[in-house]
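Residues per chain, in single letters:
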Amino acid sequence: METVKEKQTKTKSTIKVSGAEAIIHCLVAEGVDLLFGYPGGAIMPVYDELYKHQDKLTHILTRHEQGATHAAQGYARVSGRVGVAMATSGPGATNLVTGLADAQIDSTPMVCITGQVTRHLLGSDAFQETDIIGISTPVTKWNYQITDASEIPSVFAKAFYIAKSGRPGPVLIDITKNAQFDEFDFSYKKCKGVRSYIPTPKPNIGSITAAAELINNAKKPMIVWGQGVILGHAEEELKAVIDKAGVPAAWTIMGESAIPTSHPLNVGMVGMHGNYGPNVLTNECDVLIAVGMRFDDRVTGSLDTYAKQAKVIHFEIDPAEINKNVKVDVAVLGDSKETLGLLLPLLKQNKHDSWHNEFKKKYQIEFDTVIKNDIHPTKEGLTMGEVLEQINIASGQNAVMVSDVGQHQMFTCRYARFKQSKSNITSGGLGTMGFALPAAIGAKMGAMDREVIAIIGDGGFQMTIQELGVIFQHNVPVKIVVLNNDHLGMVRQWQELFFDKRYASTVMVNPNFVKIAEGYSIESKSVSKREDLKAAIKEMIASDKPYFLEVKVEQEDNVFPMIPSGASVSEVRLK
């Protein structure tokens, strides 16, 4: 058997390897040192090579392929690197689809690798054959099926380039088993461009000048920023624009944490359960500046009444988002870091104190009606808001918060406080229950120096509860908080408000979560009384090991404010 050194002496630029070994070399060349996955027959040659190259790549065995994708997402969102997940053919591949769809709509850079039956069996309905290329096409930025080993280097290079460039997204590579076994002369060159693919449009100075003129002349300007600021590493540029122009700035849930919660011009969250002020005043501003956000329906409410009085400026990297939902007056295409940097010197120093006071007045109304009852309740039962407030205190606002989907997600986005970017990780566009536990595992592995806390409802927790096995096997020191109200809380809230309290299939008969966590050797505790909450959270944060905390909260505690589906942002319900 030839050694690597002997192989390398054949030519200066190539080595003869199998397709499976080539895959390992491609991943290493792209800087991958961690991937998540689940083995099976059609991907077994690659796993055999992983076994031989454990010094270069760490593989985390998840308990379900969907868990692998969410873990890769959490890793990517916190680290800023491309997440990698791997599975076998058939059901292994189809189990990746939810994570791919989630990553696609939330612009998360991810490369998924799937095994496939041997080339000559394609189309024959062979055992565990599924057309994953056809299935995944709508939920990937790009996908490709490799049937010849020699294609591996160029396809992998292209995949990583596409996944992380421009507006990021997921890519899937499907590899037939013969291509994993066959040998070829391997060399690798990173991709630096793809013909006809322009990931980052060149900024138009005229558009930036027009945007500056509108902002400088505005009496009531307002910024709404999204995740594009974080993906573009434009946090400092956005903060500089806000500070210089004195513009009140609100965020979408995907953009949260780009600017510290405590910033004086940070006016809170927009959207269905966003803050009262930024929602209502969206329909009173005269210039609306959208930065790296896509005017999602949960943000805009009824498009017929959304910001009709305002001139709209849209800073965006993806041309497809311009005028897709909201007609804009000035479109500024390009990378947000570059375009905001070009905008800054054109802006006049301003304050807009009287306009900002309008936000303060609206906040006071919301505080008196909603917030003080959420974080300092007088009712006997515990509330989700007060749990988040105690976590803020115990963590010093430095934790990464990974929330699932439901009421607890909205309470987390509303009440978690952050000092640094990439701290709020959640499933935004797809709303995937079961996201938080595996995503928190990936996030912790992507930022071992940070405290990572998963905030999960009792419903979502049971969708990926098996991933506790990953925490047990790899001793991942993630903290898990299950806010247990024995219901599918968000659906129950809608049933209460809009379906005359007909709680159809939303009552949960739950197991003993503490005993389950203890079965995975995770230190665990359950709290149901207010006098025990602070100490339990403090103990959890102080632990340097995995920790599970169940908090039994009010069963009929609702999250407000709320914009009913299809209503205007001005029609915010405070109760």
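Every chain begins its residue count from 1, and numbering advances along the sequence as written. Totals for whole chains, interfaces and linings use all residues, but because this is a predicted model, local features are given only for residues with pLDDT of at least 70 and pairs of side-chain atoms are given and counted only at 80 or more. Where side-chain values are given, they derive from all heavy atoms of the structure, hydrogens and water being excluded.

Visitor: Help me understand the pattern of salt bridges in this model?
Guide: Opposite charge on two side chains allows them to pair when their charged atoms are near. Counted as salt bridges are all cases of a side-chain nitrogen of Lys or Arg within 4 Å of a carboxyl oxygen of Asp or Glu. For the structure shown, the criterion picks out 19 salt bridges. Here Lys52 makes a salt bridge to Asp48, at a shortest N to O gap of 3.4 Å. Within this pair, Lys52 and its partner Asp48 are both found in helix 3 (residues 44-52), separated by 4 residues, close to a single helical turn. Under the relative-accessibility criterion, Asp48 is labelled partly exposed at 40%. In the salt-bridge network here, residues are joined through shared partners; they are Arg167, Asp318, Glu321 and Lys324. Helix and strand assignments come from DSSP, with helices taken as H or I runs of at least 4 residues and strands as E runs of at least 2, each series counted from the N terminus. Residue exposure (1.4 Å probe, protein chains only): buried if accessible area is under 20% of the type maximum, exposed if over 50%, otherwise partly exposed.

Visitor: Help me understand the domain arrangement of the chain, please; the structure alone is not making it clear to me.
Guide: Interface extent is often summarised as the accessible area lost during association of the parts. Looking at the chain, the domain boundaries give domain 1 (4-186), domain 2 (205-359) and domain 3 (380-552). As annotated, the domain borders come from an automatic or database domain assignment. Relative placement of domain 1 and domain 2: their C-alpha centres are 38 Å apart. Residue contacts are defined here by distance: any two heavy atoms, one from each residue, within 4.5 Å place the two residues in contact. Counting residues at the interface gives 7 residues for domain 1, matched by 7 residues for domain 2. Between domain 1 and domain 2 lies a buried interface of about 660 Å² when both sides are counted; carbon and sulfur atoms form 55% of it. The tally of links between domain 1 and domain 2 comes to 2 salt bridges. For Arg167, the salt bridge is made with Glu321, and the minimal N-O distance between the two is 2.8 Å. The term polar contact refers here to a pair of N or O atoms within 3.5 Å; inside protein, the definition further demands a hydrogen-donor-capable atom paired with an acceptor-capable atom, and it admits residues adjacent in sequence only when both atoms are side-chain atoms. In this assembly, domain 1 and domain 2 are joined by 3 residue pairs in polar contact (both at pLDDT 80 or more). When residue character is reported, Ala, Val, Leu, Ile, Met, Phe, Trp, Tyr, Cys and Pro are called nonpolar, Asp, Glu, Lys and Arg charged, and the others, Gly included, polar. Grouping the amino acids of the side of domain 1 that touches domain 2 by side-chain chemistry returns 2 nonpolar, 2 polar and 3 charged. Computed with a 1.4 Å rolling probe, the buried area is the accessible surface lost when two parts are put together, summed over both parts.

Visitor: Please clarify how helix 10 (residues 205-217) should be interpreted in this entry.
Guide: Given 3.6 residues per turn, any residue in an α-helix points the same way as the ones three and four places further on. The first and last C-alpha atoms of helix 10 sit 18 Å apart over 13 residues, in line with the 18 Å expected at 1.5 Å per residue. Looking at the buried side of helix 10, the elements it contacts are helix 12 (235-245), strand 12 (287-291), strand 13 (311-316), strand 14 (330-333) and helix 15 (336-343). Helix span, as expected, comes to 1.5 Å for every residue beyond the first.

Visitor: Got a minute to help me understand the packing of helix 17 (residues 384-395) against helix 18 (residues 407-415) in this structure?
Guide: Helix-helix packing is described using two parameters, namely the angle between the two axes and the distance between the axes. Here an axis means a line fitted to C-alpha atoms, over the contact stretch when the element is a helix, while the angle between two N-to-C directions is reported on a 0 to 180 degree scale. The interhelical angle for the contact between helix 17 and helix 18, taken along N-to-C directions, is 45°, at an axis separation of 9 Å. In this view, helix 17 runs oblique relative to helix 18, as classed from their interaxial angle. Judged by the sense of rotation from one axis to the other, the crossing of helix 17 with helix 18 is right-handed. From helix 17, Met384, Gly385, Leu388 and Asn392 reach across to helix 18, where they touch Gln407, His408, Phe411, Thr412 and Tyr415. By residue class, the composition of the contact of helix 17 with helix 18 is 4 nonpolar, 5 polar and no charged. Here is the rule for angles: anything less than 35 degrees is roughly parallel, anything more than 145 is roughly antiparallel, 65 through 115 is roughly perpendicular, and the remaining ranges are oblique. Crossings are classed by handedness, with left-handed meaning an anticlockwise turn of the near helix from the far one by less than a right angle and right-handed meaning a clockwise turn.

Visitor: Could you clarify how one ought to interpret the nonpolar core in this entry?
Guide: Across soluble globular proteins, nonpolar side chains show a tendency to be buried alongside one another. Ranked by internal contacts, the top residues of the largest apolar core, which has 95 residues, are Ile223, Trp225, Leu288 and Leu343. Composition of this core by domain shows at least three residues from each of domain 2 (205-359) and domain 3 (380-552). Ignoring sequence-local partners within four residues, the contact set of Trp225 consists of Leu238, Ala249, Ala250, Trp251, Thr252, Gly255, Glu256, Ala258, Ile259, Asn266, Val291 and Met293. Residues enter a nonpolar core if they are buried and are Ala, Val, Leu, Ile, Met, Phe, Trp, Tyr or Cys, with the set joined through side-chain atoms within 4.5 Å. Among the nonpolar cores identified, the runner-up in size contains 50 residues, and Leu100, Ile441, Ala517 and Ile522 belong to it.

Visitor: Before we go on, may I ask you to explain helix 15 in this structure?
Guide: Burial in helix 15 covers these residues: Ser336, Thr339, Leu340 and Leu343. The arc that holds the buried residues of helix 15, viewed along the axis, is 95°, so those residues lie on one side. Among the structural elements, helix 10, helix 11 (227-231), helix 12, strand 12, strand 13 and strand 14 are those in contact with the buried residues of helix 15. Of the residues that open helix 15, the one with a side-chain oxygen 3.1 Å from the backbone nitrogen of Lys337 is Asp335. By construction, the arc corresponds to the directions joining the helix axis to the C-beta atoms.

Visitor: Explanation requested: the packing of aromatic side chains in the structure shown.
Guide: Describing an aromatic ring pair means giving the distance of the ring centres and the angle of the ring planes. Each Phe, Tyr or Trp ring (for Trp, its six-membered ring) is paired with any other whose centre lies within 6.5 Å, and the angle between the two planes then decides the class: stacked below 30 degrees, edge-to-face above 60, tilted in between. Under the counting rule described, the total for this entry stands at 13 aromatic pairs. Pairing Phe472 with Tyr520 gives two aromatic rings, centres 6.5 Å apart and planes at 75°, and the pair type is edge-to-face. In this pair, Phe472 is assigned in helix 21 (residues 468-474) and Tyr520 in the loop between helix 23 (513-519) and strand 19 (523-527), connecting sequence segments 48 residues apart. Classification of Phe472 by relative accessible area gives partly exposed; the value is 47%. An aromatic cluster is built from Phe184, Phe186 and Tyr188, whose rings are joined through pairwise contacts.

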